Amino acid sequence: MRFQGKVAVVTGSGKGIGKSIIRKLVQEGALVTVSDLNKETCEETALEINNSGGKAIAVDGDVSNSVDARNIVEKTIEAYGKIDILVNNAGVLKDSRIKDMEEEDWDKVIDVCLKGAFLCSKYASAYMVDQNYGKIINISSRAYLGNPGQANYSSAKAGIVGLTRSLAKELGKNNINVNAVAPGLIETDALKSHPKYKKIKDLQKKDTPIPRIGLPEDVANAVLFFASEEADYISGDILHVSGGRFG
Ligand code: ADP
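Residues numbered from 1 in each chain as written. Predicted model: local features only at pLDDT ≥ 70, side-chain atom pairs only at ≥ 80, totals over all residues. Heavy atoms only, no water.

Asks: Any chance you could break down the site of the ligand for me, citing the residues and the numbers?
Replies: If you check the shell around the ligand, you find 13 residues, and the closest are Lys15, Ile17, Asp36, Asp62 and Val63. Measuring from an oxygen atom of the ligand, one finds a side-chain N or O atom of Asp36 at 2.5 Å. Taking 560 Å² as the accessible area of the ligand by itself, protein coverage stands at 81%. A breakdown of the residues in the shell around the ligand according to their chemical character gives five nonpolar, five polar and three charged. (Near = heavy atom within 4 Å. Polar contact = N/O pair within 3.5 Å; in protein donor to acceptor, adjacent residues only side chain to side chain. Areas by Shrake-Rupley, 256 points an atom, 1.4 Å probe, with all protein chains shown as cover. Nonpolar A, V, L, I, M, F, W, Y, C, P; charged D, E, K, R; others polar.)

Here you go:
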């Protein structure tokens, strides 16, 4: 029970990797805020947690909107009186080759994946500074190394590395650790319903030193490590959860 009495917010936790992270935090004692753009999955996940003996509130909202981002933090403070852990996980994909990438596709991905992490960190860290305690974990991606068809997503996820390292340097004196997890290919529902799922999975097996696809739990385990006291002397770091595959 590494997180007994700790308060954690996970953005984009209505489903997928975010949901896996929040479930594991609850299993280890955390009181949580489930946040997602999708009100339905957000409330469902919180209900699931409350029905199974955990404690969760649901705060839906768009992390790229400063009013919503502030509200996610404020509602957490109202419910629990503090915020110990922030996981910036909300994300969106708008893949295409650069010749077809519309300006809106660029803006959307940068706004949600990068600006959203900035806004939530800004509002949460104000409380963390007052508490002299905090753990911020940003979800980057192996894509930060560059991926064809993902100029927007790769740039946002590379931006996350810069954000992580800058905030680590700014906030270390306030006893706030800021780290990032960079997952490789993860078996999410979106991937499972991809028309080329089987082919993608086979290729991943062939090209990855640990020859399998990653699981949401693999990412969650790395996030929980950064959120825990075991990582108290680690900040500004990027942990790859990619089966040993880089680039
Ligand atoms: P994965 O399965 O890789 O975690 P998903 O797309 O399922 O990927 O998860 C991303 C989560 O982020 C989704 O639940 C989605 O609703 C959420 N999300 C997307 N855009 C926003 C946003 N602007 N604000 C908050 N959450 C968002």
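Moving on, there is more to tell.
Asks: I'd like a rundown of helix α2 (residues 39-51), residues and numbers included.
Replies: Between its first and last C-alpha, α2 extends 18 Å over 13 residues, near the 18 Å set by a 1.5 Å rise per residue. The N-cap of α2, judged by a side-chain oxygen 3.0 Å from the amide nitrogen of Glu40 a few residues on, is Asn38. One or two positions beyond α2, positive phi appears at Gly53, with a value near 95°. (Helix = DSSP H or I, 4+ residues; strand = E, 2+ residues; numbered from the N terminus. Expected span 1.5 Å × (residues − 1).)

Asks: Describe the packing of aromatic side chains, listing the residues and the values that go with them.
Replies: Evaluation of the coordinates by the stated rule reveals one aromatic pair. Residues Phe225 and Phe226 carry aromatic rings whose centres are separated by 5.9 Å and whose planes lie at 35° to one another, so their mutual orientation is tilted. For Phe226, a relative accessible area of 3% gives the class buried. Geometry around Tyr133 places Lys6 over its ring, the cationic atom sitting 4.9 Å from the centre. (Phe/Tyr/Trp six-rings, centres within 6.5 Å; stacked < 30°, edge-to-face > 60°. Buried < 20%, exposed > 50% of the residue type's maximum accessible area, 1.4 Å probe, protein only. Lys NZ or Arg CZ within 6 Å of the ring centre and 35° of its normal.)

Asks: Talk me through unusual backbone geometry; I want residue IDs and the actual numbers.
Replies: Located in the positive-phi region is Asn132, a residue other than glycine, with phi close to 55°. Summarising the element assignment, Asn132 is placed in the loop between α4 (103-131) and β5 (134-139). Positive phi outside glycine occurs at Asn175, with the angle close to 65°.

Asks: I'd love a proper account of empty space enclosed by the protein, names of residues and values included.
Replies: A complete count under the given rule lists one cavity of 30 Å³ or more for this structure. Space inside the largest cavity adds up to approximately 60 Å³. Asn88, Asn89, Ala90, Cys113 and Ala117 are, among the 13 residues lining the largest cavity, the residues nearest its centre. For the lining of the largest cavity, the secondary-structure elements that each account for two or more residues are α4 and α5 (151-171). Of the residues forming the lining of the largest cavity, the biggest block, five residues, is contributed by α4. (1 Å grid on protein atoms, 1.4 Å probe; cavity = no way out; pocket = protein on both sides within 12 Å on 5 of 7 lines; lining within 4 Å. Points joined across faces, edges and corners; volume = space filled by probe spheres on them.)

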